[in-house]
Amino acid sequence: MPFEPINPPQFPTPIAPYSAGAKAGNVVYVSGVLALGEGGAVLHVGDAAAQTRHVLEVIKTTVEAAGGTMADIAMNHIFLKDLNDYAAFNAVYAEYFPGDKPARYCIKCELVKPDCLVEIASVAHLA
């Protein structure tokens, strides 16, 4: 099945060869999102909550560009640099998923840029 790349025009140029998202049928796959600005600059250094908010806003914009909403997200793949940021991450995350909660997992790991604290990749199923 062919897929449609989803690259909202307001996003900075990706730091690697990928699309922000890909829509295949009624499924939207959102690439792993970091709190990055133009030129790959890390935003909100040292602030896991602010990075989480930025990441979720990028995911929201990507899903909306594909015709969906945050309520269509069925799965989140979460990567945290430091599990001490788990509570701050969850506080922001809960704001974006106030109703039914998507499935998810959370892994502690190094991220592509040392100042990045949070990365999330998502899968949405559109009605």
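Named according to an unreviewed UniProt entry, the protein is Pyrimidine utilization protein C originating from Novosphingobium clariflavum. Regarding the protein, the UniProt comment filed under Sequence similarities (unreviewed entry) reads as follows: "Belongs to the RutC family."

Since the α-helix turns once every 3.6 residues, residues separated by three or four places project in the same direction. Compared with the 26 Å implied by 1.5 Å per residue over 18 residues, the 26 Å span of helix 1 (residues 48–65) between its first and last C-alpha is a close match. Among all positions of helix 1, only Ala 48, Ala 50, Gln 51, Thr 52, Val 55, Leu 56, Val 58, Ile 59, Thr 62 and Val 63 are buried. For helix 1, the secondary structure elements touched by its buried residues are strand 1 (4–6), strand 2 (21–24), strand 3 (27–33), strand 4 (73–80), helix 2 (86–96) and strand 6 (118–125). With a side-chain oxygen positioned 3.2 Å from the backbone nitrogen of Ala 49, the residue opening helix 1 is Asp 47. Phi for Gly 67, located one or two positions after helix 1, is positive at around 100°.

With 3 bridges connecting them, strand 1 and strand 2 associate as antiparallel partners. Paired with Ile 6 across the bridge in strand 2 is Gly 21. Both strand 2 and strand 3 contribute to a ladder of 4 bridges, which runs antiparallel. Within the sheet, the bridge partner assigned to Ala 24 lies in strand 3 and is Val 27. Two successive antiparallel strands, strand 2 and strand 3, enclose a turn made up of 2 residues, where Gly 25 displays a positive phi of approximately 65°.

Moving on, we get to the environment of Asp 85. Inspection of the secondary structure puts Asp 85 in the loop between strand 4 and helix 2. With relative accessibility at 18%, the residue Asp 85 sits in the buried group. Each C-alpha atom of the pair Asp 85 and Leu 117 lies 8.1 Å from the other, and the pair is 32 residues apart in sequence.

Here the focus is the sheet that holds strand 4. Across the sheet, 6 strands lie side by side as 1-2-3-6-4-5; this open sheet has mixed pairing. In the strand order of this sheet, the two ends are held by strand 1 and strand 5 (103–108), each with one partner. With strand direction ignored, the average angle separating the axes of adjacent strands in the sheet is 15°. Against the sheet, helix 1 contacts strand 1, strand 2, strand 3, strand 4 and strand 6, and its axis sits at roughly 25° relative to strand 6.

Negative phi characterises most residues that are not glycine, and trans characterises most peptide bonds. The residue His 44 is not glycine, and still its phi comes out positive at about 55°. Within the secondary structure layout, His 44 lies in the loop between strand 3 and helix 1.

Further remarks concern the packing of helix 1 against helix 2. Relative to each other, helix 1 and helix 2 sit at 30°, their axes nearing to 8 Å. Overall, the two elements helix 1 and helix 2 adopt an arrangement that is roughly parallel. For the pair helix 1 and helix 2, the sense of crossing is right-handed. In this structure, helix 1 uses Ala 49, Thr 52, Arg 53, Leu 56 and Glu 57 to contact helix 2, whose residues at the interface are Ala 88, Phe 89, Val 92, Tyr 93, Glu 95 and Tyr 96. A breakdown of the residues in the contact of helix 1 with helix 2 according to their chemical character gives 7 nonpolar, 1 polar and 3 charged.

Quick notes on the rules
- Residues numbered from 1 in each chain as written.
- Predicted model: local features only at pLDDT ≥ 70, side-chain atom pairs only at ≥ 80, totals over all residues.
- Heavy atoms only, no water.
- UniProt positions renumbered as here; feature names shortened; annotations may be inferred.
- Helix = DSSP H or I, 4+ residues; strand = E, 2+ residues; numbered from the N terminus.
- Expected span 1.5 Å × (residues − 1).
- Buried < 20%, exposed > 50% of the residue type's maximum accessible area, 1.4 Å probe, protein only.
- Contact = heavy atoms within 4.5 Å.
- Polar contact = N/O pair within 3.5 Å; in protein donor to acceptor, adjacent residues only side chain to side chain.
- Pairing = 2+ DSSP bridges.
- Axes fitted to C-alpha atoms, helices over the stretch in contact; angles between N-to-C directions.
- Parallel < 35°, antiparallel > 145°, perpendicular 65-115°, else oblique.
- Left-handed = near helix turned anticlockwise from the far one by under 90°.
- Nonpolar A, V, L, I, M, F, W, Y, C, P; charged D, E, K, R; others polar.

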